[in-house]
Amino acid sequence: MQEIRLASRPSGWPTADNFALVELPTPAPGPGQVLVRNQFMSVDPYMRGRMNDAESYVAPFEVGKALDGAAVGEVVASNAENVPVGATVTHGLGWRDFAVLDARHVRVVDPVAAPTLSAYLGVLGMTGLTAYVGLLDIAQFREGDVVFVSGAAGAVGSVVGQIAKLRGAKRVIGSAGSAEKVRHLVDDLGFDAAFNYKDAAVRHQLRDTAPDGIDVYFDNVGGDHLEAAIKSLNKYGRVALCGAISQYNETSAPAAPRNLALAIGKELNLRGFIVGNHRDRMPDFVAEVGAWLRAGKIVAPETVVEGLANAPEAFLGLMRGENTGKMVIKVAG
Ligand code: NDP
């Protein structure tokens, strides 16, 4: 088997040298364990934070040890009655082609209920649940709201915008980092308006696309985007603080948002959240978003990179914006 280890901790932007691909004998499952052949693994922005030796809501990766993260695959050997050979499972040991786990640490999923198995890493997995919980529970979305979402062409953002439309938003606006992504948001995902944040100041582009202001801001980016959103938010506006990817590879703290005090007069509700603490919403999420997906009301583009050895480069590509929708690695066919 092969696994990818953290060779050293990055400072600023990671490089290929921070990763090492290692060959090992494939382990056999012990009592109560299963051997899974991974078919897809996920790369996610939060993994950047885990490469630092810093205290956070999830433990840092260890230098010299394999990275981990979400994966989906097929059970090829089993010592657990409830998870037989042939079952399709999701679990947390990505970054390797084979994984041995206790059966209680895998979730059996239906391989035919999703358009592709990789959907369990994206629209029907962690990033889809993040969009659902963040918009509906944290930002308290209401029908008729004007919604702005940053990172809109990515895994979380693309689902946020589509759920908002399906739940009756008055207007949904997205920002992304290329003209092609802006086109995709409007033409393929049904956003009402979108702009490229690299073209001009976010605050000007947001003011032009939302002249009557916004009611909800779903923040994937932080910095200038959050500052611009605070300016454009209407009274009693609500913000789901989901991520701040503009800062993950920076070595010094950002200047923006400089206008946080506006939140007081506008009586804004800005709320952070960690999706792992909202797993109780999984059944509602799977029922509602799964039905939309099967009915073709939600589309879930993915960017698929072939081969475990290319996972580090795919992770860096995610940080550079080379993905549209969820970035996944096809480990095996
Ligand atoms: P995406 O699929 O959105 O991929 C990351 C995207 O970020 C890139 O495609 C790129 O798109 C964009 N990006 C990179 N650098 C910048 C920048 N400087 N300014 C603006 N955009 C940038 O990833 P996810 O959907 O998985 O994650 C989105 C956000 O949600 C992240 O901040 C992540 O940390 C957060 N998150 C939080 C969770 C929680 O529990 N709170 C759970 C899951 C994710 P572009 O081309 O548009 O620049």
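Thresholds, definitions, all that
- Residues numbered from 1 in each chain as written.
- Predicted model: local features only at pLDDT ≥ 70, side-chain atom pairs only at ≥ 80, totals over all residues.
- Heavy atoms only, no water.
- Pairing = 2+ DSSP bridges.
- Helix = DSSP H or I, 4+ residues; strand = E, 2+ residues; numbered from the N terminus.
- Axes fitted to C-alpha atoms, helices over the stretch in contact; angles between N-to-C directions.
- Contact = heavy atoms within 4.5 Å.
- UniProt positions renumbered as here; feature names shortened; annotations may be inferred.
- Salt bridge = Lys/Arg side-chain N within 4 Å of Asp/Glu carboxyl O.
- Phe/Tyr/Trp six-rings, centres within 6.5 Å; stacked < 30°, edge-to-face > 60°.
- Buried < 20%, exposed > 50% of the residue type's maximum accessible area, 1.4 Å probe, protein only.
- Core = buried A, V, L, I, M, F, W, Y, C linked by side-chain atoms within 4.5 Å.
- Near = heavy atom within 4 Å.
- Polar contact = N/O pair within 3.5 Å; in protein donor to acceptor, adjacent residues only side chain to side chain.
- Areas by Shrake-Rupley, 256 points an atom, 1.4 Å probe, with all protein chains shown as cover.
- Nonpolar A, V, L, I, M, F, W, Y, C, P; charged D, E, K, R; others polar.
- Parallel < 35°, antiparallel > 145°, perpendicular 65-115°, else oblique.
- Left-handed = near helix turned anticlockwise from the far one by under 90°.

An unreviewed UniProt entry annotates the protein as NADP-dependent oxidoreductase of Actinoplanes siamensis.

Caption draft 1: Seen up close, the sheet that holds strand β12 (residues 233-241). Reading across the sheet, the 6 strands line up as β10-β9-β8-β11-β12-β13 and stay open at both edges, with parallel pairing between neighbours. A single partner strand is all that each edge strand has here, and the edge strands are β10 (193-196) and β13 (269-272). With strand direction ignored, the average angle separating the axes of adjacent strands in the sheet is 15°. Where strand β8 (residues 146-149) lies against strand β11 (residues 214-219), 3 bridges are found, and the strand directions are parallel. Residue pairing in the sheet places Val147 in a bridge with Val216 of β11. In this fold helix α4 (residues 179-187) packs onto β9 (171-176) and β10, with an angle of close to 170° to the strand it touches most, β10. Across the sheet, helix α5 (residues 202-209) touches β8, β9, β10 and β11, and the angle it forms with β10 is around 160°.

Caption draft 2: Spotlight on the UniProt feature "domain: Enoyl reductase (ER)" (unreviewed entry) in the protein. Here the UniProt feature "domain: Enoyl reductase (ER)" (unreviewed entry) sits at residues 15-329. Secondary structure across residues 15-329 divides into 27% helix and 24% strand, with the first and last C-alpha atoms of the span separated by 18 Å.

Caption draft 3: Just the pattern of salt bridges, in detail. Scanning the model with the defined rule gives 18 salt bridges in all. Here the salt bridges do not stand alone but share partners, grouping Glu180, Arg183, Asp187 and Asp188 into one network.

Caption draft 4: Structural context of the packing of aromatic side chains. Applying the stated criterion across every chain yields a total of 7 aromatic pairs. Note on Phe19 and Phe315: the rings are 6.5 Å apart at their centroids and 70° apart in plane angle, and the pair reads as edge-to-face. Note that Phe19 is positioned in strand β2 (residues 19-23) and Phe315 in helix α9 (residues 311-320), a separation of 296 residues in sequence. Look at Phe19 and you get buried, because its relative accessible area is 9%.

Caption draft 5: Structural detail: the nonpolar core. Core analysis: the biggest nonpolar cluster contains 47 residues, and Val123, Leu135, Val147, Ile163, Leu185 and Val289 have the highest contact counts within it. With 7 residues, helix α2 (residues 126-138) is the largest single contributor of residues to this core. The contacts of Leu135, once residues within four sequence positions are left out, are Gln140, Phe141, Val147, Val160, Ile163, Ala164, Val216 and Phe218.

Caption draft 6: Structural detail: the site of the ligand. Near the ligand there are 27 residues, and of these Lys181, Tyr197, Tyr248, Val275 and Asn323 occur at the shortest range. Take Cys242: an N or O atom from its main chain is 3.0 Å from a nitrogen atom of the ligand. The contact in question runs from an oxygen atom of the ligand to an N or O atom on the side chain of Asn323, over 2.4 Å. The protein chains hide 90% of the 920 Å² of surface that the ligand would expose on its own. Of all elements in the fold, only α2, α3 (155-166) and α9 reach the threshold of two or more residues within the shell around the ligand. Among the elements that line the shell around the ligand, the one with the most residues is α2, at 3 residues. Classifying every residue of the shell around the ligand by side-chain character gives 16 nonpolar, 10 polar and 1 charged.

Caption draft 7: Representation of the environment of Ala119 within the structure. Along the chain, Ala119 turns up in the loop between β7 (107-109) and α2. Residues Ala119 and Val109, spaced 10 residues apart in sequence, show a C-alpha to C-alpha distance of 11 Å.

Caption draft 8: Here's a closer look at the packing of α5 against helix α6 (residues 223-232). In contact at an axis separation of 9 Å, α5 and α6 are set at 40° when each is read in the N-to-C sense. Classified by the angle between their axes, α5 and α6 sit oblique to one another. For the crossing formed where α5 meets α6, the hand is right-handed. Residues Val202, Arg203, Leu206 and Arg207 of α5 touch α6, and the partners they reach there are Asp224, His225, Ala228, Ala229 and Ser232. For the contact of α5 with α6, the class distribution of residues is 4 nonpolar, 2 polar and 3 charged.

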